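Structural features, examined
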Amino acid sequence: MSRARARSQRPVAVVGTGVIGRSWIQVFARAGRETRVYDPDPIQARRALDWLAADLADAVAQGVMSRHAERELRRRVSLHPDLPSALSGVEYVQESGPERLEVKQAIYRELDRHAARRAVLASSTSALDMTRIADGLAGASRCIVAHPVNPPHVIPAVEVLPGAATTPAVVTRTCRLLSSLGQSPVLLRKYAVGFALNRMQAALVREAIDLVESGVTDVNGVDALIRDGLGLRWALLGPFGVGHGNADGGLREYYAKYGSAYIGLMNALNPATPSFDDAMVDRLATGTEKMEGSVKKIPQILAWRDRLVRELRTLKSGDPHP
Ligand code: NAD
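Now for a look at the structure at hand. (Residues numbered from 1 in each chain as written. Predicted model: local features only at pLDDT ≥ 70, side-chain atom pairs only at ≥ 80, totals over all residues. Heavy atoms only, no water.)

**Topic: the pairing of strand β6 (residues 143–148)**
In terms of residue burial, β6 counts as a mostly covered element, since 6 of its 6 residues are buried. Here β6 shows two buried faces, one formed by C143, V145 and H147 and the other by I144, A146 and P148. Sheet analysis places β6 next to strand β7 (residues 157–162), joined by 5 bridges and oriented antiparallel. Pairing of P148 across the sheet is with V158, part of β7. (Buried < 20%, exposed > 50% of the residue type's maximum accessible area, 1.4 Å probe, protein only. Helix = DSSP H or I, 4+ residues; strand = E, 2+ residues; numbered from the N terminus. Pairing = 2+ DSSP bridges.)

**Some remarks on the pattern of salt bridges**
Counted according to the given criterion, the structure contains 13 salt bridges. Here E34 and R36 are joined by a salt bridge, their closest N and O atoms 3.2 Å apart. Judged by its relative accessible area of 12%, R36 falls in the buried class. K104 serves as the salt-bridge partner of E99, at 4.0 Å between the closest nitrogen and oxygen. (Salt bridge = Lys/Arg side-chain N within 4 Å of Asp/Glu carboxyl O.)

**Digging into the packing of helix α9 (residues 197–213) against helix α10 (residues 219–234)**
It is the contact of α9 with α10, at a shortest axis distance of 9 Å, that shows an interaxial angle of 145°. Crossing angle aside, the handedness with which α9 passes α10 is right-handed. Between α9 and α10, the residues in contact are L204, A208, L211 and V212 and V219, V222, I226 and W234, respectively. Across the contact of α9 with α10, the residue classes tally to 8 nonpolar, no polar and no charged. (Axes fitted to C-alpha atoms, helices over the stretch in contact; angles between N-to-C directions. Left-handed = near helix turned anticlockwise from the far one by under 90°. Contact = heavy atoms within 4.5 Å. Nonpolar A, V, L, I, M, F, W, Y, C, P; charged D, E, K, R; others polar.)

**Considering the site of the ligand**
Near the ligand you find 22 residues, and of these D39, Q44, E99, K104 and S126 are the closest. The backbone of G18 places a nitrogen or oxygen atom 3.4 Å from an oxygen atom of the ligand. For the ligand, an oxygen atom lies 3.0 Å from a polar atom in the side chain of Q44. For the ligand, whose accessible area on its own is 830 Å², the fraction buried by protein is 73%. (Near = heavy atom within 4 Å. Polar contact = N/O pair within 3.5 Å; in protein donor to acceptor, adjacent residues only side chain to side chain. Areas by Shrake-Rupley, 256 points an atom, 1.4 Å probe, with all protein chains shown as cover.)

**Observations concerning the packing of helix α3 (residues 42–61) against helix α4 (residues 67–75)**
α4 packs onto α3 with a crossing angle of 165° between their chain directions and a minimal axis gap of 9 Å. With respect to α4, the element α3 is oriented roughly antiparallel. Between α3 and α4 lies a crossing whose hand is right-handed. Judged by residue contacts, L52, A53, L56 and V60 of α3 engage R67, E70, L73 and R74 from α4. The class makeup of the residues in the contact of α3 with α4 is 5 nonpolar, no polar and 3 charged. (Parallel < 35°, antiparallel > 145°, perpendicular 65-115°, else oblique.)

**Some points on the pairing of strand β2 (residues 35–38)**
Neither face of β2 is exposed, since T35 and V37 on one face and R36 and Y38 on the opposite face are all buried. Across 4 bridges, strand β1 (residues 12–15) lies against β2 in parallel orientation. Its bridge partner lying in β2, V12 is registered against T35. Since β1 and β2 lie parallel, the crossover through helix α2 (residues 19–30) that links them has a hand, and here it is right-handed. (Right-handed = clockwise from strand over helix to strand, strands pointing away.)

Set out below in structure tokens:
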């Protein structure tokens, strides 16, 4: 982005700086946006900036970011002691506070009171309906869900979901802004519990648990089939795109050939929701620790995962979908 364009853009704010908020800080600042940061817990805010410094230092050490770019990125980020100063003059707010309806409603009352009238108030909520969060607010028309996939500075998809009062112009501005950051907004037409991404994830997790608990395979078997099977295709094509390629005549032929097999399979899936009781969690966690190592190894695994996802994204943009 040119310096002149970056200067002409108004700042953005990240409100709430936990796992998701701190990652959003990197998304905005990396794209050249002046990024105001606020969290009512100053220790948490400081921790987020420390995380940012460490993550960027790693990127410099790996040679994926220059020292100059790292300094410039950090220069764009400012910590604010209160909400009014964080929101002053911003065009967009990414709220990433706790996932409880009454807390989100209280945060949104404050955001609506202090943010400039035209500022978009976007929420990272994973499951809450903006119609309910913004209910009764004077500025409900500028409130919208922008649900990222963790962590948004590595994974680009963002589910965008307006509330009942959100104007089409706010939807357009949100999608444009997210695209300008290098994210991939996906507009949902209506609210469904869990939105779309987590519904698909929950369907798969339910089946994964059932396959292990009913003794068909073990934790490693399930993960290997995704890691070395379905997941490799899914990074390039979704379930419909995959189906389209599974028969020479495309999805029509594939469903004509295999639709009845799918009906049989879908009818055979266990519809019962797993209990998630202590014994079940212990069995699954023991298998997972055997496969992936102890929790101490998680930061190392995440750093590896994020590095390879970045490489995959670079490969995808260098050799785009034909
Ligand atoms: P988190 O618990 O790590 O962070 C929440 C942050 O909100 C904390 O820093 C806390 O100090 C701050 N906070 C508390 N009260 C606040 C207030 N009144 N105003 C502003 N900030 C306040 O949570 P998280 O995992 O980062 O999740 C944040 C949001 O992102 C949630 O809505 C969650 O559903 C959504 N989300 C989470 C994930 C995930 O995998 N963690 C993925 C996508 C979306």
